Amino acid sequence: QVQLVESGGGLVQAGGSLRLSCAASGRIFSINTMGWYRQAPGKQRELVADITSSGSTNYVDSEKGRFTISRDNAKNTMYLQMNSLKPKDTADYYCNAPRVLGWNGYYDCWGQGTQVTVSS
């Protein structure tokens, strides 16, 4: 099986920073695009940013400039650097890799989520 595991969430004050990590493990041959999603209480899950295997990035307009997505293909790991955090950023953050080529074919993989809470 292919597994995604997020880490790095926690409680921070407004204006602080967090760096989220998403590590993929298992029999993996390749991972195409990876992305970070978030779901705030009472709201729909939304895309925050994504990144292709070649490093092309995409951000939701409201977060461009504060958040930076990156990946290390050798480690099968993706990161989200979040700066100048605001209370509105409070949410569960999820890692997604919709097209992972594994031992038995392609998989759409989701992590278990990591909680980010920003206090005022």
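As a starting point, this report considers the structure included with it. Remember, predicted model here, so these are calculated numbers, not experimental data. (Residues numbered from 1 in each chain as written. Predicted model: local features only at pLDDT ≥ 70, side-chain atom pairs only at ≥ 80, totals over all residues. Heavy atoms only, no water.)

If you check the backbone angles, Asn76 has positive phi at about 50 degrees while not being a glycine. At Ser84, a residue that is not glycine, the phi angle is positive and equals roughly 50 degrees.

Now for the pairing of strand 11 (residues 105-110). As defined by bridge partners, strand 10 (residues 91-102) adjoins strand 11 across five bridges and the pair is classed as antiparallel. The partner of Gly102 across the bridge, within strand 11, is Gly105. Between the end of strand 10 and the start of strand 11, which pair antiparallel, lie two residues. (Pairing = 2+ DSSP bridges. Helix = DSSP H or I, 4+ residues; strand = E, 2+ residues; numbered from the N terminus.)

The next subject is the sheet that holds strand 9 (residues 77-82). One key point about sheets: their strands pair by backbone hydrogen bonds, in either a parallel or an antiparallel sense. Ordered in space as 1-3-9-8, the four strands form an open sheet in which the pairing is antiparallel. Of all strands in the sheet, those with a lone pairing partner are strand 1 (3-7) and strand 8 (67-72), marking the two edges. Along the sheet, successive strands turn relative to each other by an average axial angle of 15 degrees, direction set aside. With six bridges connecting them, strand 3 (residues 18-25) and strand 9 associate as antiparallel partners. Each bridged residue has a counterpart across the sheet, and for Cys22 the counterpart in strand 9 is Met78. (Axes fitted to C-alpha atoms, helices over the stretch in contact; angles between N-to-C directions.)

A few words on the nonpolar core. Formed by 30 residues in total, the largest nonpolar core has its most connected members in Trp36, Ile69, Met78, Leu80, Met82 and Tyr93. Of all the secondary structure elements, the ones that give two or more residues to this core are strand 3, strand 4 (28-31), strand 5 (34-39), strand 6 (46-51), strand 8, strand 9, strand 10 and strand 12 (114-119). In terms of residue count, strand 10 provides more of this core than any other element does, five residues in total. Those residues in contact with Leu80 that lie beyond four places of it in its chain are Leu18, Arg19, Leu20, Trp36, Val48, Phe67, Thr68, Ile69 and Tyr93. (Core = buried A, V, L, I, M, F, W, Y, C linked by side-chain atoms within 4.5 Å. Buried < 20%, exposed > 50% of the residue type's maximum accessible area, 1.4 Å probe, protein only. Contact = heavy atoms within 4.5 Å.)

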